[in-house]
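Observations on the three-dimensional arrangement
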Amino acid sequence: LVGSMADDSGWVFMGRLGDAILKTRPDFDPRNFGFKKLTDLINALSGFEVEPKETGPGKIRHYYVRLKG
């Protein structure tokens, strides 16, 4: 899913990924895997990189994910 949604640099906005997961698996909840948030779950998986990026005047932190490799 990450690979098909990625931009030219390979990154996907974590919120967009979460929305796509819920569309295909409405029952998905990272808490079922012992994680509070999707970001925490993805960070625990070895095949992904997660990077926070601050945007806007309020320096709001958004998380992006991509496949390692």
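What you see as residue numbers is a count from 1 along each chain, following the sequence as written. Two thresholds apply to this predicted model, a pLDDT of at least 70 for residue-level local features and 80 or more for giving and counting side-chain atom pairs, whereas whole-chain, interface and lining totals are computed over all residues. In computing side-chain values, all of the structure's heavy atoms are included and hydrogens and water are not.

Some words on the environment of Gly18
Secondary structure elements are defined from DSSP: runs of H or I of at least 4 residues count as helices, runs of E of at least 2 residues count as strands, and each element is numbered from the N terminus. The residue Gly18 is located in helix α2 (residues 14–24) in this model. According to the relative accessible area criterion, Gly18 is buried, its value standing at 15%. Here's how the labels work: a residue is buried when its accessible area is under 20% of the maximum for its type, exposed when over 50%, partly exposed in between, all with a 1.4 Å probe on protein chains only.

Observations concerning the pairing of strand β3 (residues 60–67)
Two strands are counted as paired when DSSP detects at least two bridges linking them. The pairing of strand β1 (residues 12–13) with β3 spans two bridges and is classified as antiparallel. By the bridge assignment for β3, Phe13 is matched with Tyr64. As paired elements, strand β2 (residues 48–55) and β3 share eight bridges and run antiparallel to each other. Pairing of Glu54 across the sheet is with Arg61, part of β3. With antiparallel pairing between neighbouring strands as the criterion, β2 and β3 make up a hairpin whose turn holds four residues, including Gly56 at a positive phi of roughly 75°.

Observations concerning the pattern of salt bridges
One side chain can pair with another of opposite charge once the charged atoms of both are near each other. Whenever Lys or Arg places a side-chain nitrogen within 4 Å of a carboxyl oxygen from Asp or Glu, that contact is recorded as a salt bridge. With the rule as written, the count across this model stands at four salt bridges. A salt bridge links Arg25 to Asp27; the shortest N-O distance between them is 3.6 Å. With a shortest N-O distance of 2.5 Å, Arg31 and Asp29 are connected by a salt bridge. Judged by its relative accessible area of 60%, Arg31 falls in the exposed class.

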